[in-house]
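Coordinates in review
Here is how the chains run, residue by residue.
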Amino acid sequence: MTRRTPAFFTLAFAALMWASATQAAIPTPLLNSDEPTLAPMLDQVLPTVVNVIVTGKPQRRAANPLFNDPFFRRFFGEPGQQGQPGGPQQAPEGEAPRGLGSGVIVDASKGIVLTNAHVVEDAEKIQIRLNDDREFEAEIVGSDPESDIAVLMIKDAGNLNLAELPVSDSDSLRVGDFVVAIGNPFGLRQTVTSGIVSGLGRHGLGKRYEDFIQTDASINPGNSGGALVNLKGELVGINTAILSRSGGNIGIGFAIPSNLAESTMGQILKFGEVRRGRLGVVGQDLTSELAKAFDLKVTQGVVVAQVVEDSAAEKAGIKERDVIIAVNDSPIRDFGQLANAIGLRQPSEKVKITLIRDGAQKTINATLAEQPEEEVTASNGENDDMFDGLAGARLGSIPEDHPLAGQVQGVAVLAIAPGSPAARAGLQPGDIIASANRKEVTSLKDLKEIAGPDTKQLLLHIRRGRGALFLLIR
């Protein structure tokens, strides 16, 4: 009889545990077959993932710095790719340009399609092509660039016999879960790739509200708005971007979680827009060093550096040096997660804030206020209502996490497109425009009135960091 060594038993046990974990992750029907396959699940899913064909004005991509970032790319195509499959198509002279993206039918009876906001940006006509080659016209119900979600509606959908994709709770996802990405990369119809969830809660990639799922399932140009599904055939995310030097897939892709997409869709369907709540705190991530300095046992949360005057936070009794650790009992790791937890809720909604003050845990109820006015991207299109010299600047209210929030008034420069007129003039992200042409600026409305399209030159007083300067833009 062969003698079994301890190492043998260790390896056998490890193999058994691996097999058990794998079987737990993969649906049983896939394992029972002599040839395990995803085909039965995909037979149900593929009719729900559509090709979004956009005809419209040339996309003003230069106005969005994400398209000039050599690492972070969205999948609708990029500057310099006209005529390439999956990118903006070179239209015949006199005709509007065309672009290709993807979308997901989530309500068959009403013809509701989820996609990315950047897919339908500046669209004049939208066609939806199904996997059975039927094509239908669609209209935009609403779009939210801050989360990159748009909602479309297929016209006269009631009698079209459409299929819809069930939506899963993306909060139940775990790193290591198997997922499948479906879309129309490079104009290739109904392409399927598989991988795992590589990371969760990714943010800091350029959107104001983001909580990305990271996956190594191959995603390429044309996949924008496509589906990321689990092995049960349920929607867990909307594909939106990749991290890449070349624009090709290197195994780092990002999808908007289904919970965020569904919440945004609900508001768009109800109001035609997204109405966001505001707490009114300026904060920073709780680091291990800060936790030690505050003599705290927790290592995740948000330290309140400032409470905005007359805000929901001040009215609820939140104070400086409080450490917010949960909203409605959901843990808060960092400021990005807090921004999502608050910004994805509606004004007047009540939230339960769990925080630590002087070493003791407290619960505070707050009623959210309304977000400040919407931001705008200034560009030199034919219908713009702002000075051409500001083209390429994304402007808006001062964010709560800005170092000068609550200390100064003005309009914040939220982003600058490289090479744009605003960039050449010397504007930088994070600048606060305090005055224009020697007139005080307290809101975006003020700036628009001063810096109209007929303005010849603009003298800006800028607060930058701890200093200030004047910029003359001609």
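Residues numbered from 1 in each chain as written. Predicted model: local features only at pLDDT ≥ 70, side-chain atom pairs only at ≥ 80, totals over all residues. Heavy atoms only, no water.

**Focus: the overall build of the chain**
Selection rule: Segments assigned H or I by DSSP are reported as helices when at least four residues long, segments assigned E as strands when at least two residues long, and all are numbered from the N terminus. A simple rule labels every residue: compare its accessible area, found with a 1.4 Å probe on the protein chains alone, to the largest value its type can have, and call it buried under 20%, exposed over 50%, or partly exposed in between. Between two residues, a contact is recorded if the distance between any of their heavy atoms is within 4.5 Å. Here the Shrake-Rupley method, with its probe set to 1.4 Å, supplies the accessible areas, and only the displayed protein chains count as covering residues.
Helix and strand content of the chain: nine helices and 28 strands. Relative to its full complement of 474 residues, the chain shows a buried share of 49%. Pairs at least 24 residues apart make up 61% of the contacts formed inside the chain by residues separated by at least 6 positions. Taken as a whole, the chain presents about 23,000 Å² of accessible surface, with 49% of it coming from carbon and sulfur.

**Quick notes on the pairing of strand β27 (residues 458-464)**
As a reminder, the rule being used: A strand pair is defined by DSSP finding two or more bridges across the two strands.
Two elements, strand β25 (residues 432-436) and β27, share four bridges in a ladder whose sense is antiparallel. When the sheet's bridge partners are listed, A436 is paired in β27 with L460. Both β27 and strand β28 (residues 467-473) contribute to a ladder of seven bridges, which runs antiparallel. Residue R464 lies in a different strand from β28, and its bridge partner there is G467. Joining the antiparallel neighbours β27 and β28 is a turn of two residues, in which G465 adopts a positive phi near 60°.

**Comments concerning the pattern of salt bridges**
We apply this condition: Think of a salt bridge as a Lys or Arg side-chain nitrogen and an Asp or Glu carboxyl oxygen that are within 4 Å of each other.
The final tally for this structure, using the stated rule, is 10 salt bridges. A salt bridge links K352 to D329; its shortest N-O distance comes to 3.0 Å. Placement of K352 in strand β19 (residues 350-357) and of D329 in the loop between β17 (323-327) and β18 (330-331) is noted, with a sequence separation of 23 residues between them. Accessibility expressed as a relative area gives 55% for D329, which makes it exposed.

**A short note on the packing of aromatic side chains**
Worth spelling out the cut-off: Two rings from Phe, Tyr or Trp (for Trp, the six-membered ring) form a pair when their centres are within 6.5 Å of each other. A pair whose planes differ by under 30 degrees is stacked, one over 60 is edge-to-face, and the rest are tilted.
Applying the stated rule across the entire model yields one aromatic pair. Aromatic side chains F212 and F254 sit 5.9 Å apart centroid to centroid with 55° between the ring planes, which places their arrangement in the tilted category. Of this pair, F212 sits in strand β10 (residues 212-215) while F254 sits in strand β13 (residues 253-257), and the two are 42 residues apart along the sequence. A relative accessible area of 3% means that F254 is categorised as buried.

**A word on helix α7 (residues 335-343)**
In plain terms, the rule: Here a polar contact means two N or O atoms within 3.5 Å. Within protein one must be a hydrogen donor candidate and the other an acceptor candidate, and residues neighboring in sequence count only if both atoms are side-chain atoms.
Counting buried positions along α7 gives seven out of nine residues, so the element sits mostly inside the fold. Where α7 is concerned, the buried positions are F335, Q337, L338, N340, A341, I342 and G343. Put simply, D334 is the residue that caps the front of α7, since its side-chain oxygen is 2.9 Å from the backbone nitrogen of Q337.

**Quick look at helix α4 (residues 258-271)**
The α-helix winds at 3.6 residues per turn, so residues separated by three or four positions along the chain end up facing the same way. The condition is simple: What a helix should span is 1.5 Å times the count of its residues minus one.
An ideal rise of 1.5 Å per residue puts 20 Å on 14 residues; α4 measures up with 20 Å between its terminal C-alpha atoms. Among the residues of α4, those classed as buried are S258, L260, A261, T264, M265, Q267 and I268. G272 sits one or two positions beyond α4 and adopts a positive phi of about 85°.

**Some thoughts on unusual backbone geometry**
The phi angle at D133 is positive, at roughly 75°, despite the residue not being glycine. Looking at the element boundaries, D133 is found in the loop between β5 (123-129) and β6 (135-144). Among the residues examined, D133 registers a relative accessible area of 53% and is labelled exposed. If you check the backbone angles, D156 has positive phi at about 50° while not being a glycine. One can find D156 in the loop between β7 (149-154) and β8 (178-183). Under the relative-accessibility criterion, D156 is labelled exposed at 68%.

**Overview of the side chain of H118**
Secondary-structure assignment places H118 in the loop between β4 (112-115) and β5. Looking at H118, its side chain comes within polar contact range of the side chain of D148, at 2.8 Å.

**Re the environment of V52**
In this fold, V52 is placed in strand β1 (residues 49-56). A relative accessible area of 0% means that V52 is categorised as buried. With sequence-adjacent residues up to four places away left out, V52 is seen in contact with G99, L100, G101, S102, G103, T115, V119, I126, Q127, I128 and L152.

**Let's talk about the confidence of the model for the chain**
Heads up, the condition is: Here pLDDT means the predictor's own confidence in every residue, given as a number from 0 to 100.
Mean pLDDT over the chain: 76, with 75% of residues reaching 70 or higher. Below pLDDT 50 for its whole length, residues 1-25 participates in four contacts with residues either more than four positions away or in separate chains. Confidence drops under a pLDDT of 50 for residues 379-383, and excluding neighbours within four residues, the segment shows seven contacts in the predicted structure.

**Comments concerning the nonpolar core**
The following threshold applies: Put simply, a nonpolar core is a bunch of buried Ala, Val, Leu, Ile, Met, Phe, Trp, Tyr and Cys residues held in one set by side-chain atoms that sit within 4.5 Å of each other.
The biggest cluster of nonpolar side chains holds 28 residues, and the ones touching the most others in it are L114, I182, V229 and I238. A total of four residues in this core trace back to one element, the largest contributor, which is α4. Once residues within four sequence positions are removed from consideration, I238 is found in contact with V104, L114, N116, I149, G225, G226, F254, A255, I256 and A261. With 22 residues, the next largest nonpolar core counts M386, F387, L427 and L460 among its residues.

**Focus: the environment of K297**
Among the secondary structure elements, K297 is positioned in the loop between α5 (288-293) and β16 (302-307). Along the backbone, K297 and G359 are 62 residues apart, and their C-alpha atoms lie at a distance of 8.6 Å.

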